[in-house]
Amino acid sequence: MKLAVIDTKACNLNSVLQALKRLEIEPLVSNDQNELKTADKYILPGVGTAQAVMAGIEKGGLSDFIRSLDKPLLGICLGMQVLTKYSAEVPLNGGLTRIDTLGIIDSQVEKIQAPGLRLPHMGWNTVRHSDHPLFKGLAQDTYFYFVHSYCVPVCADTSAVCSYGQDFSAAVCKNNFMGVQFHPEKSGAAGAQLLQNFIAL
Amino acid sequence: MLAKRIIPCLDVRDGVVVKGVQFKHHEVMGDIVSLAARYAAEGADELVFYDITASAEGRRVDRSWIARVAEVINIPFAVAGGIKSEADAQEILAYGADKISINSPALSDPDLITRLSDRFGVQCVVVGIDSYFDAASGVYQVKQFTGSEKSTVTTRWQTLDWVAEVQRRGAGEIVLNMMNQDGMKNGYDLKQLKAVREICQVPLIASGGAGAMEHFYDAFAVADADGALAASVFHKQIIAIPELKQYLKEKGIAIRT
């Protein structure tokens, strides 16, 4: 099994790489299609902003490559959010109302509606899942680590739900495309289990 | 439900973990990586590392230990101390820290908060505030350069004003160090914590004074802090994290166990 981490050049990959190393996986890290083609599985990490991640994907000419993949892909945090059609997370002074994203999952990214609660939604929160293989061996209401202010609402492809002011997608799965809003690489033993499950798919 | 966070704080000086009483008289507590690994294994929700000498002495610190921590632990951690620029922050995040925490440099250069938030995202910009209750004037004062007693200065800021200001400038989280209580183990200053909570729309972490399990309960149940930070009670094994979390859970606090 060869795992590739898609390097969008928009974020720090260190946490994900360290988590994989702890699972004794040495991934290919690349934004080059020809190199990426040789992999069996993909992780699309994302920290930063939707615009920065999409710019990194476009720069590598990777939009169509990612859309056409038929092997398992796991998006993490923003890497999950960009699987949807568009994001409301726009630069403060850019005059944009949305950022177009990959359009694989039929949903979108909205600001979390959590009146009276603090944003970002930061910390450990419980997840209810629908027994997707990604969550094998993980009990309902297991805690995962979240850091985000935007979310994918619950949609047809939602496979795990978290609540913070509103219910939102903690995980989405559509065929070979999977995404988690939380950070498995920072979620202790539960996160390591989820990454191991992805590797074992 | 979002869990309240238990956050061991490791004050780092010259590559080892130290702890002082009321920010003075530092004693060596142990090795950074082994203590970090121990706390992660015991169920800490997050770790904070403060290089307590960096800001006061204005020297550049060797941060390679951050990479060793990132290799070993699988929970989030923040690094504080001597972060005066985007380049400093970049280095720390590249070593694998999840958040950067700024304190004295934010007081010298408040725009730094905004520059860091714009570049790295609000979620990784923590502002630490050293707050001192001056009994003579009845005012909560913000102190700067608290790495040693000699270097400490009183700023022109009152704590509540500074809390509002750092949020306006893009702080993603606030750690309130209540200096009068620090190391005293008498509990957090709940009055102050509640006052800050009322005007704090970002996550708020209580720091300074934890000595018993009920002090953590009070920070969460009475003052609605999002996290509670403590050092010596964990380092000296006065409180064990698994027991603390079980206690809080039984008292009805949302806690990850």
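## Describing the overall build of chain A
Moving on, step 1. For chain A, the helix and strand inventory stands at six helices and 13 strands.
Moving on, step 2. In terms of overall dimensions, chain A is globule-like: its C-alpha atoms have a radius of gyration of 16 Å, near the 17 Å expected for 201 residues.
Moving on, step 3. With respect to the principal axes defined by its C-alpha atoms, chain A has extents near 45 × 40 × 30 Å.
Moving on, step 4. Expressed as a percentage of the 201 residues in chain A, the buried residues total 53%.
Moving on, step 5. Within chain A, residue pairs in contact and separated by at least 24 positions form 67% of the contacts whose partners lie at least 6 positions apart.

## A closer look at the sheet that holds strand 3 (residues 41–44) of chain A
Residue and element names in this part refer to chain A.
Moving on, step 1. On the basis of which strands lie adjacent, the open sheet formed by nine strands has the order 2-1-3-4-13-12-11-8-9 and mixed pairing. What marks the edges here is a single partner per strand, and that holds for strand 2 (28–30) and strand 9 (142–148). When strand polarity is set aside, the average angle formed by the axes of neighbouring strands in this sheet is 30 degrees.
Moving on, step 2. As paired elements, strand 12 (residues 166–174) and strand 13 (residues 177–180) share four bridges and run antiparallel to each other. Bridge pairing in strand 13 places Lys 174 opposite Phe 177.
Moving on, step 3. The sheet contacts of helix 6 (residues 188–200) involve strand 1 (3–6), strand 4 (73–76) and strand 9, and relative to strand 9 the element is tilted by about 90 degrees.

## Considerations on the packing of helix 9 (residues 213–221) of chain B against helix 11 (residues 241–250) of chain B
Residues and elements named next belong to chain B.
Moving on, step 1. Running from N to C, helix 9 and helix 11 point in directions that differ by 50 degrees, and their axes come no closer than 10 Å. One element, helix 9, and the other, helix 11, form an angle in the oblique class. Relative to helix 11, the crossing made by helix 9 is right-handed. Taken together, the residues of helix 11 that come into contact with helix 9 (itself represented by Met 213, Phe 216 and Tyr 217) are Leu 244, Tyr 247 and Leu 248.
Moving on, step 2. Residues that form the contact of helix 9 with helix 11 fall into these classes: six nonpolar, no polar and no charged.

## What about helix 9 of chain B?
Owing to its 3.6 residues per turn, the α-helix brings residues three or four apart onto one side.
All names here are of chain B.
Moving on, step 1. Every buried residue of helix 9 is listed here: His 215, Phe 216, Ala 219 and Phe 220. Seen end-on, helix 9 carries its buried residues on one side only, within an arc spanning 135 degrees.
Moving on, step 2. Looking at the buried residues of helix 9, the elements they touch are helix 8 (190–199), strand 11 (204–207), strand 12 (227–230) and helix 11.

## What to know about the interface of chain B and chain A
Moving on, step 1. Contact with chain B, which involves 24 residues of that partner, is made by 24 residues of chain A.
Moving on, step 2. Looking at the side of chain B that touches chain A residue by residue, the classes come out as eleven nonpolar, six polar and seven charged.

## A closer look at the sheet that holds strand 7 (residues 108–111) of chain A
Residues and elements named next belong to chain A.
Moving on, step 1. On the basis of which strands lie adjacent, the open sheet formed by four strands has the order 6-5-7-10 and mixed pairing. The open sheet has two edge strands with one neighbour each: strand 6 (99–100) and strand 10 (150–151).
Moving on, step 2. Note that strand 5 (residues 86–87) and strand 7 share two bridges and pair parallel. Note that in strand 7 the partner of Ser 87 across the bridge is Val 109.

Conventions used here
Residues numbered from 1 in each chain as written. Chains lettered and ligands numbered in written order. Predicted model: local features only at pLDDT ≥ 70, side-chain atom pairs only at ≥ 80, totals over all residues. Helix = DSSP H or I, 4+ residues; strand = E, 2+ residues; numbered from the N terminus. Rg over C-alpha atoms; globule rule 2.2 N^0.38 Å. Buried ≥ 20, exposed ≤ 12 C-beta atoms within 10 Å, placed from the backbone. Contact = placed C-beta atoms within 7 Å. Pairing = 2+ DSSP bridges. Axes fitted to C-alpha atoms, helices over the stretch in contact; angles between N-to-C directions. Parallel < 35°, antiparallel > 145°, perpendicular 65-115°, else oblique. Left-handed = near helix turned anticlockwise from the far one by under 90°. Nonpolar A, V, L, I, M, F, W, Y, C, P; charged D, E, K, R; others polar. Arc of directions from axis to C-beta.

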